[in-house]
Amino acid sequence: MSKSLHSGSTRRLFGLLSLRRPEQWQEVSQAAIARCESLVSELLVQPPSVDTIHGLDEISDTICQSYDTAEFCRNVHSCEDWQAAAQQACIKLGGYVHKLNIDEQLYNHLVRALDKHSSAVRGFAAGGVGDSRCVEGYTPEALRVGYTLKHDFEKAGIHLQEDQRSRLTALVDLERRIGMQIGQNLKTPSKLGYLDMDVSGQRKANEQRSKLPLSQGSSSRRVTLDSGTLHSILRKEPYAQQREKAFTAGYSTPRDNVHLLEDLVGTRYEMAQLMGAPSYAHYTLKNATLAGCPEAVESFLLELLAAIQPKVEEEVNILRRYKAKHLGRSTVGLQLDAWDRLFYMRVAQEAECPLDYAATAAHFHAQGCIQGFKELLKAIMGIQIVEMPLEPGEGWAERVQKLALEHEDEGRLGIIYLDLYPRPGKMGGATHFTLQCGRRLRDGSYQEPVVALVCSFGLSSGGLMSPDQAKTLFHEFGHALHSLLSRTEFQHLAGTRGPMDLMEVPSHVVERFANSPAVLKSCMRHHISGRPMGSVMVGDLQRSQGLFDGLNLHQQVVDALVDQRLHGVRGANPASTESIVHDVLQQFSPFSFAQGVTPHARFQHFVGYGAAYFSYPYAMALSSAIWQQYFPDGRMNRASGDHVRQTMLKVGSASEPVAYVEGILGKGHLEPVGCGHKPQIRSLLTELGIT
Ligand SMILES: [Zn+2]
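Residues numbered from 1 in each chain as written. Predicted model: local features only at pLDDT ≥ 70, side-chain atom pairs only at ≥ 80, totals over all residues.

**Some thoughts on the overall build of the chain**
Counted only if it meets this: Strands here are runs of E lasting at least two residues and helices are runs of H or I lasting at least four, both read from the DSSP assignment and numbered beginning at the N terminus. Exposure criterion: with C-beta atoms placed from backbone coordinates, a residue whose C-beta has 20 or more other C-beta atoms within 10 Å is buried, one with 12 or fewer is exposed, and one in between is partly exposed.
The secondary structure content of the chain amounts to 28 helices and 13 strands. Principal axes of the C-alpha set define a box for the chain whose edges measure 85 × 60 × 55 Å. When burial is assessed residue by residue, the chain has 45% of its 691 residues classed as buried.

Below, the structure is given as structure tokens:
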């Protein structure tokens, strides 16, 4: 690691905070709390008004800037001391946020500010009698922020008796700690277990296994079962026994996470009970999401599972055919095991849609994909992405990049940091972090949004990505656009701050560009010759990527169903998480269930998306409708890009969920269920070729 990332020269980590040493997280969190305390005092001496809502938003912004940055540092900094110090800051700031959320004085002040407005409105409606000063400034956005904040206070138990409130506080703290531990275990190699793979066998298998690290003085290679390695073995290992060993060993770890998830689900259920909700899913969805209630989610997921079933069966038959061929036997009575899925998907893809992988990958150089996204954004929205130098100490690891977005008329819109490459101890997967939200400041200027995209792309030595990684990168760019192009007055509703089940919609729209013919043909160029991808390669790539669309979606819907059932209503003797997962897989999975495995121990989304993982299939349905309406065939149309920017990205989360969807798509794309809504699935089915 470069010295410039360490003490001494560190001036403004992430461009936001003045931190020279990890211990200074203590001072930063203390300063944020002190600033908030002063804003609280300032707010409470003023009479309740719309300024109360502005004041609360400023308090929330102050605390979020420190908390979000600490959360980011905890997850991505390349130095353990920084991670540990940031984790302490998160715990301290998280505790303070909860204290604010149960502050009765603040809550009562807010309620009076909202009542003042509603009684004036009632007065006008009853015959024009009312104080116009009581409605001035209460814009629809201000009111939505006010009611959302009121909901947040109530969700934290402001109305509970003292003893119940203390219990809730303890549960919230426990939930956060369990969630952190689950994530930590997934980053710790010793928790992920390992597998000794025999390399004394046949030559063909050795070709694959020889890429794995050799354990000392033996004929086996010891493999740590991190998700990338496990995935790679399951895709490439030709011997079923080896795949089974890897699958059962990999999906039985981290063992601690099974117990932690049990505790997490139990803690959340108790929180919901304290709040008078029948389940954690009810508690999470009510008044805060488009879905509104678990009934809408369950109805959507089951409808989608039934509708895609014929396509899933077709794809399963393809896998069965290739397994039979590989084993030299008939398909009759041939069972597909869970460890067959990725292997025969790859085999089928290579046989059905032969691709010259090296030639294709040559068009997906990591920096070339960023360049491709730049060209796309310029074409559809008139926004330029400009590379900026990092100040000394601004980065947190090697090869971090800083990009500024500049609109041709509106000027600079925000900053994206990119941290794309793996390093020891770095979190897996791909994540968008908000470091600073946009909002209108007291002096009339606009606070610049700042985000970071963190991925761990294992690239080829030439820096080449796979087409799937390019899609993931575009997905994360979609989140970044949501945050950076949002122009809400309040930070509380900026960009991705809104309902969880709408948060994934923009990213799902943008990721579709990564394999649209128009973008592939004009933006993705060969990293040496600079020539764009030819039509034949584009066609082959699209067929290959779409071959198992049904099974991939099916997996996501089943995961969402597991998530709902884990967080659903529980009886006196609740079923274990293991048996809930088992039951859903037995009922819906086309693969035989592997006894004793605990795949949920590795599924971190149950932490961050508790009861809201359905947001992904919801986003698939909604983004499919947006895609077909505005970007048919992936055409890079400026008018459509501007429309999507105005109606979806600029709005952030300032609209009510139904109005938001109708604002982009018009009416007829949602169906009411219970006290919520589910998206129509017809566009998605059309996209999947199901009529
Ligand atoms: Zn996402």
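**Digging into the environment of glutamate 104**
For glutamate 104, the location among the structural elements is in helix 4 (residues 104-127). With 11 C-beta atoms counted inside 10 Å, the residue glutamate 104 sits in the exposed group. Each C-alpha atom of the pair glutamate 104 and isoleucine 158 lies 6.8 Å from the other, and the pair is 54 residues apart in sequence.

**Brief notes about helix 5 (residues 140-155)**
Here is the rule: Expected span, for any helix, means 1.5 Å times one less than how many residues it has. Residues are treated as contacting if the C-beta atoms built from their backbones sit within 7 Å of each other.
The end-to-end C-alpha separation of helix 5 is 22 Å, in line with the 22 Å expected for 16 residues at 1.5 Å each. Along helix 5, the residues classified as buried are Ala142, Arg144, Val145, Gly146, Leu149 and Phe153. Against helix 2 (50-76), helix 3 (80-101) and helix 4 lie the buried residues of helix 5. Glycine 157 lies just past helix 5 and shows a positive phi near 90 degrees.

**Considering the sheet that holds strand 7 (residues 411-419)**
Note: strands within a sheet are paired through backbone hydrogen bonds, in either parallel or antiparallel orientation. Selection criterion: DSSP calls a pair of strands paired once it identifies at least 2 bridges connecting them. Helix axes are fitted to C-alpha atoms over the stretch in contact, other axes to C-alpha atoms as well, and angles between N-to-C directions run from 0 to 180 degrees.
Spatially, 5 strands are ordered 5-6-7-11-8 in an open sheet, and the strand pairing comes out mixed. Both edges of this open sheet fall to strand 5 (383-388) and strand 8 (430-436), since each of them pairs with a single strand only. Pairwise comparison of adjacent strand axes, ignoring direction, gives a mean angle of 25 degrees for this sheet. Taken together, the 6 bridges between strand 8 and strand 11 (residues 450-455) define a ladder with antiparallel strand orientation. What sits directly across from glutamine 436, in strand 11, is valine 450. Against the sheet, helix 2 engages strand 7, strand 8 and strand 11, with an angle of about 145 degrees to strand 8. This element, helix 17 (residues 467-485), spans strand 6 (401-407), strand 7, strand 8 and strand 11 of the sheet and lies at about 170 degrees to strand 11.

**Points about the packing of helix 1 (residues 24-45) against helix 2**
For the record, the criterion: Here is the rule for angles: anything less than 35 degrees is roughly parallel, anything more than 145 is roughly antiparallel, 65 through 115 is roughly perpendicular, and the remaining ranges are oblique. When residues are sorted by character, Ala, Val, Leu, Ile, Met, Phe, Trp, Tyr, Cys and Pro go into the nonpolar class, Asp, Glu, Lys and Arg into the charged class, and all the rest, Gly among them, into the polar class.
Orientation of helix 1 relative to helix 2, taken along the N-to-C sense of each, is 175 degrees, at an axis distance of 10 Å. Here helix 1 is positioned roughly antiparallel relative to helix 2, judged by the angle of their axes. Contacts from Trp25, Val28, Ser29, Ala32, Arg35, Cys36, Leu39, Val40, Glu42 and Leu43 of helix 1 reach helix 2 at Thr52, Gly55, Glu58, Ile59, Thr62, Ile63, Ser66 and Ala70. Tallied by class, the residues present in the contact of helix 1 with helix 2 amount to 10 nonpolar, 5 polar and 3 charged.

**Overview of the nonpolar core**
Selection criterion: Each nonpolar core comprises buried Ala, Val, Leu, Ile, Met, Phe, Trp, Tyr and Cys residues, the members being joined through C-beta atoms within 7 Å.
Core analysis: the largest hydrophobic core is formed by 185 residues, its most contacted members being Ile416, Val451 and Phe614. Per-element tally for this core: the top contributor is helix 2, with 11 residues.

**Overview of the domain arrangement of the chain**
A common way to report how large an interface is uses the accessible area buried once the components associate. To be explicit about the condition: Note that the domain bounds reflect an automated or database-derived domain assignment.
According to the domain assignment, the chain contains domain 1 (3-101 + 103-155), domain 2 (189-253), domain 3 (257-353 + 548-687) and domain 4 (359-546). Here the C-alpha centre of domain 3 lies 30 Å away from the C-alpha centre of domain 2. Every contact between the two is made by 13 residues of domain 2 and, on the other side, 13 residues of domain 3. Per-element tally for the side of domain 2 that touches domain 3: the top contributor is helix 10 (residues 240-250), with 5 residues. The class makeup of the residues in the side of domain 2 that touches domain 3 is 4 nonpolar, 5 polar and 4 charged.

**With respect to the pairing of strand 13 (residues 676-679)**
Burial along strand 13 is two-sided: the residues Gly676 and Lys678 and His677 and Pro679 are all buried. Pairing geometry for strand 12 (residues 670-673) and strand 13, over 4 bridges, is antiparallel. Residue pairing in the sheet places proline 672 in a bridge with histidine 677 of strand 13. From the end of strand 12 to the start of strand 13, which pair antiparallel, there are 2 residues, and glycine 674 there has a positive phi angle of about 55 degrees.

**Some remarks on the packing of helix 9 (residues 227-236) against helix 10**
Our working definition: By definition, any crossing whose near helix is turned counterclockwise from its far helix by less than a right angle is left-handed, and any crossing with a clockwise turn is right-handed.
Running from N to C, helix 9 and helix 10 cross one another at 155 degrees; their axes reach a closest spacing of 9 Å. As the angle between them shows, helix 9 and helix 10 are arranged roughly antiparallel. Where helix 9 crosses over helix 10, the handedness of that crossing is left-handed. Of helix 10, the residues touching helix 9 (which contributes Leu230, Ile233 and Leu234) are Arg243, Ala246, Phe247 and Gly250. Looking at the contact of helix 9 with helix 10 residue by residue, the classes come out as 5 nonpolar, 1 polar and 1 charged.

**Some points on helix 19 (residues 505-513)**
Burial analysis of helix 19 places 9 of its 9 residues in the buried class, which makes it a mostly covered element. Along helix 19, the positions that sit buried rather than exposed are Val505, Pro506, Ser507, His508, Val509, Val510, Glu511, Arg512 and Phe513. Contacts made by the buried residues of helix 19 are with helix 16 (366-381), helix 17, helix 18 (500-503), helix 20 (517-522), helix 25 (615-630) and helix 26 (638-649).

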